[in-house]
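This is what each chain is made of:
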Number of protein chains: 2
Amino acid sequence: MINQDRLWNRLMELGSIGKQASGGITRLSFSEEERAAKRKVASYMEEAGLTVYEDAVGNLIGRREGRNQDAPVVLVGSHVDSVYNGGNFDGPLGVLSGIEILHTMNEQEIVTEHPIEVVAFTDEEGARFSFGMIGSRGIAGTLVRDQLQNKDQQGITIAEAMSEAGYDPSAIGQAARPKGTVKAYVELHIEQGKILEKRNASVGVVTGIAGPLWLKFVIKGEAGHAGTTPMNDRNDALVAAAGIIQLIEEEAAKTGSTVGTVGQLQLYPGGINIIPGKVEFTLDLRDIDEAVRDKVEQRIVTGAERLCEQRSVRLKTEVLQRVAPAPCSSVIQEKAKEACVKLGLEPISLPSGAGHDGMQLTELCPMGMLFIRSKDGISHNPAEWSSKEDCADGANVLYDTVLQLATKE
Amino acid sequence: MINQDRLWNRLMELGSIGKQASGGITRLSFSEEERAAKRKVASYMEEAGLTVYEDAVGNLIGRREGRNQDAPVVLVGSHVDSVYNGGNFDGPLGVLSGIEILHTMNEQEIVTEHPIEVVAFTDEEGARFSFGMIGSRGIAGTLVRDQLQNKDQQGITIAEAMSEAGYDPSAIGQAARPKGTVKAYVELHIEQGKILEKRNASVGVVTGIAGPLWLKFVIKGEAGHAGTTPMNDRNDALVAAAGIIQLIEEEAAKTGSTVGTVGQLQLYPGGINIIPGKVEFTLDLRDIDEAVRDKVEQRIVTGAERLCEQRSVRLKTEVLQRVAPAPCSSVIQEKAKEACVKLGLEPISLPSGAGHDGMQLTELCPMGMLFIRSKDGISHNPAEWSSKEDCADGANVLYDTVLQLATKE
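Residues numbered from 1 in each chain as written. Chains lettered and ligands numbered in written order. Predicted model: local features only at pLDDT ≥ 70, side-chain atom pairs only at ≥ 80, totals over all residues. Heavy atoms only, no water.

Q: What is the right way to look at the packing of aromatic side chains in this model?
A: In this description, an aromatic ring pair is defined by two values, namely the gap between the centres and the angle between the planes. The tally for this structure, following the rule as stated, stands at 12 aromatic pairs over all chains. Taking the centre distance of 6.0 Å and the plane angle of 40 degrees together, the rings of Trp8 of chain B and Phe89 of chain B count as tilted. Here Trp8 of chain B, found in helix 1 (residues 4–14), pairs with Phe89 of chain B, found in the loop between strand 3 (73–79) and helix 3 (92–107); they are 81 residues apart in sequence, far enough to count as distant. Each member of the pair, Trp8 of chain B as well as Phe89 of chain B, carries the same accessibility label: buried. Judged by centre distance (5.4 Å) and plane angle (80 degrees), the ring pair of Phe89 of chain B and Trp385 of chain B falls under edge-to-face. Of this pair, Phe89 of chain B sits in the loop between strand 3 and helix 3 while Trp385 of chain B is found in the loop between strand 16 (367–372) and helix 10 (388–406), placing the two residues 296 residues apart along the sequence. Members of the aromatic cluster, connected to one another through ring pairs, are Trp8, Phe89 and Trp385 of chain A. In this arrangement the basic side chain of Lys278 of chain A is found over the ring face of Tyr268 of chain A, its NZ or CZ atom lying 5.2 Å from the centre. (Phe/Tyr/Trp six-rings, centres within 6.5 Å; stacked < 30°, edge-to-face > 60°. Helix = DSSP H or I, 4+ residues; strand = E, 2+ residues; numbered from the N terminus. Buried < 20%, exposed > 50% of the residue type's maximum accessible area, 1.4 Å probe, protein only. Lys NZ or Arg CZ within 6 Å of the ring centre and 35° of its normal.)

Q: Would you mind going over the interface of chain A and chain B with me for this structure?
A: Each side of the interface is counted separately: chain A has 60 residues, and chain B has 61 residues. Interface area, chain A with chain B, both sides summed: about 5,000 Å², of which 58% is carbon and sulfur. Contact with chain B buries area across many residues of chain A, yet His225, Met231 and Ile272 of chain A alone supply 16% of it, more than any other trio. Linking chain A to chain B there are four salt bridges. (Contact = heavy atoms within 4.5 Å. Buried area = accessible area lost by both parts, 1.4 Å probe. Salt bridge = Lys/Arg side-chain N within 4 Å of Asp/Glu carboxyl O.)

Q: Looking at this structure, how should I read helix 10 (residues 388–406) of chain A?
A: An α-helical segment advances 3.6 residues per turn. Residues three or four places apart therefore align on the same side. With 19 residues, helix 10 of chain A extends 27 Å from end C-alpha to end C-alpha; this agrees with the ideal 27 Å at 1.5 Å per step. Across the 19 residues that make up helix 10 of chain A, a large majority, 16, are buried. (Expected span 1.5 Å × (residues − 1).)

Q: Help me understand the packing of helix 7 (residues 237–255) of chain B against helix 8 (residues 290–310) of chain B, please; the structure alone is not making it clear to me.
A: The relative placement of two packed helices is expressed as an angle between their axes plus a distance between the axes. Residues and elements named next belong to chain B. Across the interface, helix 7 lies against helix 8 with an axial gap of 9 Å and an inter-helix angle of 155 degrees. It follows that helix 7 is roughly antiparallel to helix 8 by the angle criterion. Pair helix 7 / helix 8 crosses with right-handed handedness. Together, Ala240, Gly243, Ile244, Leu247, Ile248, Glu251, Ala252 and Thr255 of helix 7 and Val292, Val296, Arg299, Ile300, Gly303, Ala304, Leu307 and Cys308 of helix 8 make up the contact between the two elements. Split into classes, the residues belonging to the contact of helix 7 with helix 8 amount to 11 nonpolar, three polar and two charged. (Axes fitted to C-alpha atoms, helices over the stretch in contact; angles between N-to-C directions. Parallel < 35°, antiparallel > 145°, perpendicular 65-115°, else oblique. Left-handed = near helix turned anticlockwise from the far one by under 90°. Nonpolar A, V, L, I, M, F, W, Y, C, P; charged D, E, K, R; others polar.)

Q: Before we go on, may I ask you to explain the environment of Met1 of chain A in this structure?
A: Residues and elements named next belong to chain A. One can find Met1 in the segment before helix 1 (4–14). Take Met1: its relative accessible area is 63%, and that puts it in the exposed class. The spatial distance from the C-alpha of Met1 to the C-alpha of Phe371 is 18 Å, given a sequence separation of 370 residues. With residues up to four places along the chain from it excluded, the contact list for Met1 reads Thr104, Gln108, Leu343, Asn396 and Tyr399.

Q: Is there a simple way to think about the packing of helix 1 of chain B against helix 3 of chain B in this case?
A: All names here are of chain B. Relative orientation of the contacting elements helix 1 and helix 3 amounts to 145 degrees, with a least axis distance of 10 Å. Where helix 1 crosses over helix 3, the handedness of that crossing is right-handed. For the pair helix 1 and helix 3, contact is made by Arg6, Leu7, Arg10, Leu11 and Leu14 and by Pro92, Leu93, Leu96, Ser97, Ile99, Glu100, His103, Thr104 and Glu107, respectively. Per-class residue counts for the contact of helix 1 with helix 3 are seven nonpolar, three polar and four charged.

Q: Would you mind going over the confidence of the model for chain A with me for this structure?
A: Predicted coordinates in areas of low pLDDT are best not read in detail. In the predicted model, chain A carries a mean pLDDT of 96, and 100% of its residues have values of at least 70. Across the assembled chains, the prediction reports ipTM 0.72 with pTM 0.72. (pLDDT = per-residue confidence, 0-100.)

Q: How should the pattern of salt bridges be read in this particular structure?
A: Side-chain pairs of opposite charge can arise where the charged atoms are in close proximity. Tallied over the full model, the rule gives 57 salt bridges over all chains. The shortest N-O distance in the salt bridge between Lys278 of chain A and Glu280 of chain A comes to 3.4 Å. Between Glu334 of chain B and Lys337 of chain B there is a salt bridge, with its nearest N and O atoms 3.8 Å apart. Within this pair, Glu334 of chain B and its partner Lys337 of chain B are both found in helix 9 (residues 330–342), separated by three residues, close to a single helical turn. Here Glu334 of chain B falls in the partly exposed class, since its relative accessible area comes to 47%. Salt bridges linked by common partners bring Glu290, Arg293, Asp294, Glu297 and Arg322 of chain A together as one network.

Q: Explanation requested: the domain arrangement of chain A in the structure shown.
A: How big an interface is tends to be stated in terms of accessible area lost as the parts join. All names here are of chain A. Partitioning chain A into structural domains gives domain 1 (4–209 + 325–406) and domain 2 (211–322). Put simply, the middle of domain 1 and the middle of domain 2, counted by C-alpha atoms, are 33 Å apart. Each partner contributes residues to the interface: domain 1 has 16 residues there, and domain 2 has 12 residues. When domain 1 packs against domain 2, the two sides together hide about 980 Å² of surface, and 54% of this comes from carbon and sulfur. Contact with domain 2 buries area across many residues of domain 1, yet Ser130, Gln153 and Pro325 alone supply 46% of it, more than any other trio. Counting every contact that joins domain 1 to domain 2 gives zero salt bridges. (Domains from an automatic or database assignment.)

See the structure below:
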């Protein structure tokens, strides 16, 4: 069994980095706050007796050797970057649980066949550049230089932020793990939903991850004087956007499983007495079922085009990222359920509505995920919370699952 | 007759200050661009032989003495600040025409009974602080220190911006003109609408000015994870705002005369994968008829409250300014129409949908306005345009109107 006090104390200590007046946490990638969090995590890795290194995309890694140093590695991990004003568990739980199980193995002098590495991935959330899972893409070998041209709200590209932080954007290929060198990836995360809470369960085994589709809408109307342009003679980009925002809600709600969110919106020129001539906004659209998601996308885009035509404004849509839903490995699911049963926990299966680094790794290795219960299902919010006991249950299921995966078969 | 080349050349020259890459003009109050524009205008005033001074709120004034230096002054003028990415005629036309008619009087050695002053008012537009007509309020004596606490998007108050520019916010009372010291105020402006264009007329005489009402809406919902919060379990502040934005359009359009515009909107926290927990936006609502405007306001606020209640989000509204519509002086209207007839122009009357400095001065003195034709009715936009000939017609009508007002009666 892992040391639940140590895990909890590290969670609380790490949570003080990037804390806002609101109580929420803001740790954007390549920011001073994220760097400080990584320094703290590196110190935990050292305490746990791991060999600490960083790869070419800034993933922070702690390695514990196996009996066979050349055997494919078992990866565990998550991320320590956050959304704006987010919570304390989304990401850190998986990183610190990974460190905790290796710390426990060292204390118990357990020898595994396979080496095990715990990873704190670079920028899972995508909050800064509207482009996420940078570290896991790097390890999967799917990160390409064009993607480093995504910009933050100050116009800084990922490549520029990497350079400024001391990484070489032209060397990202070095982070890619060759096929056959990774045996499995397992991540422990908070559910960020209410399924486990409703079933009174601390831990669940994830069946698959919904694929996020991120679109950018740009509407061009005509700016004009707010006082002298009659209502029937306007091409107001914001009123058109308002119609599309309502359409998105309607179309997503229809399926019962899809979720659609407009999280960013800018209007131009932005004077109190000027009709908006241009509006840009983003859409985050998700479903476990790719066909359902893509049908909703089509309905939204078709409806938006019709609406913009009626209002004589122009619409342009752009795909920022389109990630396919990712099924979890049935082998890992079985081992995780076995671990639950051993610990006296009901082996509950559930899907993941949120995206996670694991979905980038499905081409590289079998992937699995464990969830623990989130209070009220709240996440990306200062009120995000999971109990100390649930964190410990999750880490213990992770421990047993990883021990099974790291054993010679 | 005024010198139309000189007027046009000054318009074009002044238009190069604050010019954006888009071709539009941004000259916010107390900015470097506005200061540069005022320096240029002061040089024109000096060329015209006027005595140049600034008052306590930063109004730039050029004075031409009358036969009787103690007689009430006839004021003409407008402003040189602009909205974001605005046009070249909104404001500068009135200031430069005022200078032009006084320049012409000096060249023709015309002596008037009353002194005449041309004013470039401080911050008519309100684009920077969401609070406008600062200079004309100062002259009217209605500007109060509380109003100087309005902030720009960087959090700088009007008082702070004044201090930084070298004005003393505690001395604003000194700008107030005592009752009886101003005989009349007349302003030449572009129409910013399509009435004159449709009637094939270069000049019109304004009957009254619609009063702008500026409201701020603050909606508080609940932030949450975009991937794991089901559509039926959200309190999305932006979707609620979208409903209100559509309601505003519907309610304003119903009357046939009201105009309603949402020109600014911010959402929080602003992550691409976070449900917006808070949205703030502004409403600019206008009508020539105060009762009609206030009824539309009531319908919008009541509808917005109902909508927010249905969506379980909280709504707060705040009045930023509530200006009553202002009728123009019938005496000035008659003199202006007489001037039109003398110049062979049809004396057309029309209302003003836009607010102007004159509405602040109605308690101080009789107020009148002249409009010239705007190409396609476009304003607050880089495409804002009036022809050289129309500018000259407007300045000539202003010239004759002011001569009549400055004559001993």
